[in-house]
Amino acid sequence: MDSSSEEENNKTKLRISLHLAPGVKPQNADGSPLEIPPDPIAVPSNIRKKGLSAVVNHLLGRRITDQDDDGDDDKSIDQEDEDLLPPIPFDFLLSSKLLRLPLDAAVRKEGLSTEHAIELFYFPARLPPMKDGEGESVPDWIMSMDYFGSGDEKWGEGVLFTGCADGIVRSFSCRNDGLVHPSTSITAHTGPIHCLSTVKFNSQNEYSPILVATGSMDQTLVTHEYKTDEEKSNTSTLDLHAVYSGGHSNSINSVALCNNHDHGIVMASGDWDGGLAIWNIPMESDGDINETGRDESLTNKRLKGSNHKHIRKKSTNIQEVKPRSSTKAHSSNISGICFGYNNPNTVLTSSWDHSLKVYDTQRMDCILSMNGSRVVTSMSRCMNGNVVGTGCADCMVRLWDMRVGGAGNAIGGVGQVSDKALRQSHKSWVSGVQWSPTDPFVLASTSHDGTLKVWDIRSSIPLHTVKASKKGEKALCLTFGEGSIYSGGSDCVVNKYSCKI
């Protein structure tokens with residue numbers, strides 16, 4: 001009996017070799033080591049992520065939690081382990097995919113041989129987003145937002161900008177206390193603000209203003225300067241910088257800014273009819289306008305006679321800018337827009353016409369077109385390449401490879417939607433998608449079902465799901481901050497979630 005049971009037990013074992021994942025620091029934030037010897041060890045074949053995490057914590061000499069305890073020995077276990085460091089939850093990679101099945105099932109699925117030790121890579125798991133405070137209420141729906149963080153004490157942790165259905169741009173100071181503090185606001189449009197983007201005029205100058213671009217359902221596109229008093233860091237202003245005309249004749253639904261240090265700041269915008277426009281942004285100190293595609297500085301009289309007569313004007317030197325170039329890029333609404341990775345001369349666009357495209361902004365030629373089968377409602381580009389995540393009307397989040405001229409992609413060719421579509425998890429229209437600014441594997445999404453989901457693209461199921469809006473309300477937008485995610489929607493509340501690893 002003993003020998004047969006032992007043989008049966010051996011059959012249910014798998015040999016594994018554990019390695020710290022590439023790019024992970026060998027020490028934890030508290031200075032304790034994270035790396036263990038890669039010597040093969042035997043583990044139950046049906047072990048899952050939680051059991052493997054306990055194995056790693058044991059090998060690191062950290063406290064472990066035994067789920068099989070009946071509770072009688074809790075006190076003695078606590079006394080024995082009280083000098084040990086607390087456990088760290090770990091995630092595991094098998095063949096570059098997150099382990100979400102029992103180990104033996106995952107090995108079979110990947111077609112791996114068990115003759116040799118199975119290589120697993122581990123790293124600290126991303127913890128679920130935790131809501132900070134009750135959120136900051138505003139009078140109307142929050143339809144767009146963007147976060148700007150500079151890392152210097154002048155801005156604190158950063159500044160959050162929101163565009164609301166009442167046409168007002170609001171800014172919030174995001175300080176180290178974990179709360180969101182209103183700082184200033186300005187009426188920018190007469191209609192709902194559908195899109196918002198930010199960039200700094202001069203990233204080398206800590207006192208340089210932040211440029212805030214907004215597009216609205218009222219068919220107007222404007223930029224404002226966000227400034228903070230050098231002597232009174234808690235005093236800030238939003239002043240009109242420039243208005244943009246001649247590029248669109250319908251609701252402006254997407255906008256993106258790019259600071260090309262060689263040629264200044266460039267802006268791309270897309271509208272409801274599928275029109276795409278490229279703009280040269282006048283610098284903060286510009287006075288007279290030259291042949292770069294901008295008109296003369298606006299006077300009060302000209303402002304009153306234009307479509308931007310509602311805009312509150314603080315200076316007489318407000319400039320009206322004409323597009324550098326424009327084209328009919330899509331047959332329907334351009335729902336997302338961003339500049340190419342390390343290439344301000346390319347623009348990536350997504351549309352309700354089911355397609356994504358890459359445009360050369362110098363020639364205004366489409367150099368790549370990718371056709372899907374669903375309306376694309378939002379788009380975000382990965383931090384280190386032209387791979388994008390999109391939200392769709394069928395409740396799905398999809399991944400697209402938009403690298404032009406790379407493997408399998410010829411310039412001017414027609415691409416295919418990636419087969420790495422994430423499993424349907426949202427229950428309604430996906431309203432926003434944002435890629436993490438620090439982790440190329442992590443993105444987040446919001447939906448009209450009121451939830452916020454965090455994804456790791458090495459798994460088809462979300463890492464975490466949190467309620468982002470009150471019951472019956474819609475989550476409409478989100479953005480990543482420094483160690484946090486912000487969201488807003490029809491409940492008119494700016495919510496902040498801590499999401500540090």
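By convention here, each chain's residues receive numbers from 1 onward along its written sequence. Local features in a predicted model are, by the rule used here, given only for residues with pLDDT of at least 70; side-chain atom pairs are given and counted only at 80 or more, and totals for whole chains, interfaces and linings are based on all residues. To obtain the side-chain values, all non-hydrogen atoms of the structure were used and water was disregarded.

Quick look at the sheet that holds strand 28 (residues 397-401) now. When DSSP locates at least two bridges between a pair of strands, those strands are taken to pair. Secondary structure elements are defined from DSSP: runs of H or I of at least 4 residues count as helices, runs of E of at least 2 residues count as strands, and each element is numbered from the N terminus. In space, the 3 strands of this open sheet follow the order 26-27-28, with antiparallel pairing throughout. Among the strands making up the open sheet, the edge pair consists of strand 26 (376-381) and strand 28. Taken pair by pair, the neighbouring strands of this sheet meet at an average axis angle of 25 degrees, ignoring direction. For strand 27 (residues 387-392) and strand 28, the ladder comprises 5 bridges, and the chain directions are antiparallel. Across the sheet, V388 pairs through a bridge with W400, a residue of strand 28. Axis definition: a line fitted to C-alpha atoms, over the contacting stretch in the case of helices. Angles run 0 to 180 degrees between N-to-C directions.

Moving on, we get to the side chain of S236. Positionally, S236 belongs in strand 15 (residues 236-244). Partly exposed describes any residue whose relative accessible area lies between the buried limit of under 20% and the exposed limit of over 50%, with all areas from a 1.4 Å probe on protein chains only and scaled to the type maximum. Residue class for S236 comes out buried when judged on its relative accessible area of 11%. Two N or O atoms form a polar contact when they lie within 3.5 Å of each other; inside protein one atom must be a possible hydrogen donor and the other a possible acceptor, and for residues adjacent in sequence the pair counts only when both atoms belong to side chains. A polar side-chain atom of S236 sits 3.3 Å from a polar atom in the side chain of Y226. Among all residues touching S236, those that are not within four sequence positions of it are S183, T184, Y226, K227 and T228. Between two residues, a contact is recorded if the distance between any of their heavy atoms is within 4.5 Å.

This brings us to the confidence of the model for the chain. pLDDT expresses, on a scale from 0 to 100, how confident the predictor is about each individual residue. Within the chain, residue pLDDT values average 84, and 81% of them lie at 70 or more. Low pLDDT (under 50) marks residues 68-77, which in the prediction has 2 contacts with non-local residues, meaning those over four places away or in another chain.

One non-glycine residue, N342, lies in the positive phi region at around 55 degrees. Counting through the fold element by element, N342 comes out in the loop between strand 22 (334-340) and strand 23 (343-351). Here N342 falls in the exposed class, since its relative accessible area comes to 66%. For C395, which is not glycine, the phi dihedral falls at a positive 75 degrees. You can see C395 is positioned in the loop between strand 27 and strand 28. Note on C395: relative accessible area 13%, which makes it buried.

With that settled, the discussion passes to the sheet that holds strand 17 (residues 264-271). Taken together, the 4 strands give an open sheet; going across it, the order is 16-17-18-21, and neighbouring strands pair in antiparallel fashion. Strand pairing shows two members of the sheet lacking a second neighbour, strand 16 (252-260) and strand 21 (325-328), which therefore form its edges. When the angles between neighbouring strand axes are averaged without regard to direction, this sheet yields 15 degrees. By the bridge criterion, 8 bridges tie strand 16 to strand 17 in an arrangement that is antiparallel. Looking across to strand 17, one finds that S254 is bridged to G270.

The subject of this paragraph is the pairing of strand 8 (residues 142-148). Most of strand 8 sits inside the fold, with 6 of its 7 residues counted as buried. The pairing of strand 8 with strand 9 (residues 158-164) spans 6 bridges and is classified as antiparallel. Considered in strand 9, the bridge of F148 is made with V159.

Attention now moves to the nonpolar core. Of all hydrophobic cores here, the largest spans 22 residues; its most connected members are I16, L18, V56, F90, F92, L103 and Y122. Of all elements in the fold, only strand 1 (13-20), helix 2 (49-59), strand 3 (90-94), helix 4 (103-110) and strand 5 (118-124) reach the threshold of two or more residues within this core. Take this core: its biggest share by element is 4 residues, from strand 1. In this structure V56 touches L18, I36, F90, F92 and Y122, once residues within four positions along its chain are discounted. By convention a nonpolar core is built from buried Ala, Val, Leu, Ile, Met, Phe, Trp, Tyr and Cys residues, the set being connected through side-chain atoms within 4.5 Å.

We now examine the side chain of N259. Inspection of the secondary structure puts N259 in strand 16. Of note is the side chain of N259, whose polar atom sits 2.9 Å from the backbone oxygen of K200. For N259, the side chain forms a polar contact with the main-chain oxygen of F201, separated by 3.2 Å. Setting aside residues up to four positions removed in sequence, N259 forms contacts with V199, K200, F201, G264 and I265.

Further remarks concern the environment of Y207. Here Y207 lies in the loop between strand 12 (193-200) and strand 13 (210-216). Residue classification places Y207 among the partly exposed residues on the basis of a relative accessible area of 38%. Taking the C-alpha atoms as reference, Y207 lies 7.7 Å from T228; in sequence the two are 21 residues apart.

With that settled, consider the pattern of salt bridges. Salt bridge criterion: a side-chain nitrogen from Lys or Arg within 4 Å of a carboxyl oxygen from Asp or Glu. Under the defined criterion, the tally for this structure stands at 12 salt bridges. K49 is the salt-bridge partner of D91, the closest N and O atoms lying 3.9 Å from each other. Here the residue D91 occupies a position in strand 3, and K49 occupies one in helix 2, the gap between them amounting to 42 residues. Under the relative-accessibility criterion, K49 is labelled partly exposed at 32%. A salt bridge links D166 to R170, with the shortest nitrogen-to-oxygen separation between them at 2.9 Å. What makes D166 partly exposed here is its relative accessible area of 24%.

A few words on helix 4. By the burial criterion, the buried members of helix 4 are L103, A106 and V107. All buried residues of helix 4 fall inside an arc of 100 degrees around its axis, so they share one side. Residues of helix 4 that are exposed and angled more than 90 degrees away from the buried face: R108 and K109. Buried residues in helix 4 make contact with strand 1, strand 2 (41-44), strand 3 and strand 5. Directions pointing from the helix axis toward each C-beta atom define the arc.

Let's shift gears to helix 2. Turning to helix 2, its buried residues number three or more, namely L52, S53, V56 and N57. Mapping the buried residues of helix 2 onto a view down its axis gives an arc of 140 degrees, with all of them on the same face. Buried-residue contacts for helix 2 involve strand 1, strand 3 and strand 5. The positive-phi residue at the C-terminal boundary of helix 2 is G61, with phi of around 75 degrees.

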